[in-house]
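The lines below spell out each chain.
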Amino acid sequence: MIKNSLNDYINLIRPTISTDIIDENNWQNISKVAQYLPSALTTFFGFESRLGTKKAHCDFLLCADATEAGKKVLGDKEYSIQLSENLLIHPVWKNVNIFGQLWNDKGSILSEKINNIWLEFDIDETLENIPIPSCFFAPQAIYANQADEAIKWVCDTALNLLRGKSINPEIQAKLLTCLQSLPSGAYVFQIGLMLARESDFIRVCIRDISHTKVIEFLQKIGWIGSINELKSLLNDLAQYCDRIDLDIDIGSEIAPKIGLECYLERQPSLNPKWQLFLEYLLEKGLVIPEKKDALLNYTGYIREKDYPELWPKNLSKLSSLIGSQYQRIFFKSLHHIKVVYQENKCLEAKAYLAVMNTLIDQQRIQKSKEFKNNSIQINNFLSEQENKQLLNFIIRNKNQFQSATLHEDYQNLGRKEENYRLSSVLFDFPEWETIMRDRISSILPDVIDKLGIPPFPVAHIEAQITAHNDHNYFKLHNDNGTLESSGRVLTFVYYLCQEPQPFTGGELKIYNSTNPENLKPDSIKTIEPINNSIVFFLSQYMHEVRPVNCPSQDFAHSRFTVNGWIWRKN
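Residues numbered from 1 in each chain as written. Predicted model: local features only at pLDDT ≥ 70, side-chain atom pairs only at ≥ 80, totals over all residues. Heavy atoms only, no water.

Caption draft 1: Highlighting the overall build of the protein. Scanning the protein from N- to C-terminus turns up 18 helices and 25 strands. The principal-axis extent of the C-alpha atoms belonging to the protein is close to 85 × 55 × 45 Å. Per-residue burial over the protein gives 52% buried out of 570 residues. In the protein, of all internal contacts separated by at least 6 residues, the share reaching a separation of at least 24 is 75%. When the accessible surface of the protein is totalled, it reaches about 26,500 Å², and 46% of it is carbon and sulfur. If the 60 positive side-chain charges of the protein are averaged to one point and the 69 negative ones to another, these points end up 3 Å apart. (Helix = DSSP H or I, 4+ residues; strand = E, 2+ residues; numbered from the N terminus. Buried < 20%, exposed > 50% of the residue type's maximum accessible area, 1.4 Å probe, protein only. Contact = heavy atoms within 4.5 Å. Areas by Shrake-Rupley, 256 points an atom, 1.4 Å probe, with all protein chains shown as cover. Lys, Arg positive; Asp, Glu negative; His and termini not counted. Charge placed at Lys NZ, Arg CZ, Asp CG, Glu CD.)

So this is what it looks like as structure tokens:
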């Protein structure tokens, strides 16, 4: 075992990961690999978990980046930290080291073209004394119009060095065909060899290929499989994911097995689509309930003060040298989920769980502690005359209101309609709906700017009128927590009522979280229902309408809102 090995990091994060993901025996085998590797090799590593089996088993992978020490560890002969001699006696590691030496040569094609290298280790009971990695490198994006240039250095240099021999000309020709056939805008972001499995296939990972173009591309390169099955699967996945990357294995023919890497923006605490996606995988039998729950609870961070007895000694020493201005933090995140498809085979889902350690300055730490609940309230949204006219319109149409219902997907999540929401709604008010949409559209760029979120293409603005009378309420929920509502980005609530206000209560409470199990008291923002004011906030935030106390129980004395949602164009 080497000093300051990656096993120090493994021991640190081990208590924070569910035993439904990695069991004791699996940890021991991961440690057997990590103890051979210097911790300087990576700041970004993780685990591959098969989701459909009860076995709590993961494979292990790590990234050596071109801008960090990992690149030097792999091949800079002058660097103070080197790969262990025990590793370099194995032909695969010797080839990785030779590759690393050329990567470290500033004048080489590899130094110019390669951003990082991933080493992936199959963890099993028959683990050899020397762990053997499969190797994937991330080139600068390779597009179809760069195929002829790229094939030369990819095959003649990069793959030849890692393989230790020339690539079969037939396989090289097939790889060239695949690169030339890439759809417009799609590019290769990773190329790899399964060195640990002694496979001749070349793994190619393709990004920015729309799910509608995948079928066309696969047919063009000669993939043989069920087009209809794959098309149906892609359409399903596209409803839940923000991006799908395509993994193919290239030999003399295209392998029948393909991987669909499913990515979602933001982590589960900030993106309800993770819950929906995992519910879909559960329904399809691709994830067991224990692992679904473990994934949703995986994310978080680790600081030295949380686990002082486990904190790696080299990092403690570094902390003492740089002083209190900086703090090193290990962040855990869900990177992506890959769905593996092969005709006449059962689908399989794998989760990729990431760990990244980084230095953060105190200013950033302090800034992260400041509660940011992105919402704004604008007073006097309509003119006084418009406000009164709209209120009179609502009261005149009392008989058109109907009892509010709860979307069936929320009911399926365990929320009972009879006690979760109580109010009445009006859906048909075309003239006033147009006025509200136009007024909201006119200020939307300023609202987006004040909320501090990136601009987004607007599909449409949805609106309804809601009345909360005595003892009416809406318990904790968010507004894009179902598949059908996942396109909502912003929620707005316009308040109107008689003056003086004939009710009490009815406050809107907004939480800076999408997870109802992770609500902190200091994350609450309370919005008072001020007549003629409008509130905007992110639809993903959990929020609730507190009970209204309206002693008269007169409909005209209700807490009225024109509330709705601004949808992102798909």
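Caption draft 2: Spatial organisation of a nonpolar patch on the surface. A cluster of nonpolar residues, Leu 318, Leu 321, Ile 322, Tyr 326 and Leu 359, forms a patch on the protein surface that exposes about 420 Å² of accessible area. When residues in the nonpolar patch are grouped by element, the largest group, three residues, is from helix H13 (residues 313–322). Positionally, Leu 321 belongs in helix H13. (Patch = residues over 30% accessible without salt bridge, like charges linked within 9 Å, V, L, I, M, F, W, Y side chains within 5 Å. Salt bridge = Lys/Arg side-chain N within 4 Å of Asp/Glu carboxyl O.)

Caption draft 3: Up close: the side chain of Ser 539. For Ser 539, the location among the structural elements is in the loop between strand S22 (534–538) and strand S23 (543–545). Overall, the relative accessible area of 0% leaves Ser 539 in the buried class.

Caption draft 4: View of the side chain of Lys 350. Tracing the chain through its elements places Lys 350 in strand S11 (residues 348–361). Buried and without a salt bridge, Lys 350 has Glu 48 as its closest oppositely charged side chain, separated by 4.1 Å. Apart from the residues lying within four places of it in its own chain, the contact partners of Lys 350 are Glu 48, Ser 49, Arg 50, Leu 51, His 336, Ile 337, Lys 338 and Val 340.

Caption draft 5: Quick peek at the confidence of the model for the protein. On average, residues of the protein score 91 in pLDDT, and 93% of them are at 70 or above. Note on residues 408–417: pLDDT is under 50 here. Beyond four places in sequence and across chains, it has 20 contacts. (pLDDT = per-residue confidence, 0-100.)

Caption draft 6: Highlighting the pattern of salt bridges. Throughout the structure, instances matching the rule amount to 23 salt bridges. Between Lys 213 and Glu 216 there is a salt bridge, with its nearest N and O atoms 3.9 Å apart. A residue pair is termed a helical-turn pair when its members lie 3 or 4 positions apart in one helix, as Lys 213 and Glu 216 do in helix H9 (residues 211–221) at three residues. Notably, a salt bridge pairs Lys 292 with Asp 293, separated by 3.2 Å at the nearest N-O pair. What makes Lys 292 buried here is its relative accessible area of 8%. You can call Asp 293 partly exposed: its relative accessible area is 37%. Salt bridges sharing partners connect three or more residues here, namely Glu 48, Arg 50, Asp 59 and Glu 348.

Caption draft 7: Inspection of the sheet that holds strand S12 (residues 375–378) at higher detail. Judged by pairing direction, the sheet is antiparallel, and its seven strands sit side by side in the order S12-S22-S18-S25-S16-S15-S13 without closing on themselves. In the strand order of this sheet, the two ends are held by S12 and strand S13 (402–403), each with one partner. Pairing geometry for strand S18 (residues 488–496) and strand S25 (residues 559–568), over eight bridges, is antiparallel. Residue Leu 490 lies in a different strand from S25, and its bridge partner there is Ile 566. (Pairing = 2+ DSSP bridges.)

Caption draft 8: View of the packing of aromatic side chains. One pass over the full model with this rule turns up 21 aromatic pairs. The interplanar angle of 50° and the centroid separation of 5.4 Å between the aromatic rings of Tyr 143 and Tyr 187 together place this pair among those described as tilted. Taken together, the residues Tyr 143 in the loop between strand S4 (134–139) and helix H7 (147–163) and Tyr 187 in strand S5 (residues 187–193) connect sequence positions 44 residues apart. By relative accessible area, which is 32% here, Tyr 143 ends up partly exposed. Relative to Tyr 341, the ring of Trp 223 has its centre 6.3 Å away and its plane inclined at 55°; by these criteria the two rings are tilted. Separated by 118 residues along the polypeptide, Trp 223 in the loop between H9 and helix H10 (227–240) and Tyr 341 in strand S10 (residues 326–341) bring together distant segments of the chain. For the pair shown, Trp 223 and Tyr 341 are each scored as buried. Ring-pair connections join several aromatic residues into one group, and the members of that group are Tyr 9, Trp 27, Phe 45, Phe 47, Phe 60, Trp 93, Phe 121, Trp 311 and Phe 330. For Arg 207, the ring lying beneath its charged end belongs to Tyr 263, and the centroid distance is 5.5 Å. The lysine or arginine in question, Lys 332, covers the ring of Tyr 298, its NZ or CZ lying 4.9 Å from the ring centre. (Phe/Tyr/Trp six-rings, centres within 6.5 Å; stacked < 30°, edge-to-face > 60°. Lys NZ or Arg CZ within 6 Å of the ring centre and 35° of its normal.)

Caption draft 9: Highlighting the nonpolar core. If you look at the biggest cluster of nonpolar residues, it comprises 112 residues, and the most contacted ones within it are Phe 47, Phe 60, Phe 137 and Ile 248. With nine residues, H7 is the single largest residue contributor to this core. With residues up to four places along the chain from it excluded, the contact list for Phe 60 reads Leu 6, Ile 10, Ile 30, Val 33, Leu 37, Phe 45, Gly 46, Phe 47, Leu 119, Glu 120, Phe 121 and Ile 123. Residues Phe 401, Leu 451, Leu 508 and Phe 537 belong to the second largest nonpolar core, which totals 43 residues. (Core = buried A, V, L, I, M, F, W, Y, C linked by side-chain atoms within 4.5 Å.)

Caption draft 10: Spotlight on the pairing of S18. Burial runs high along S18: nine of the nine residues are buried. In this sheet, S22 lies alongside S18 in antiparallel orientation, the contact comprising five bridges. Residue pairing in the sheet places Leu 490 in a bridge with Leu 538 of S22.

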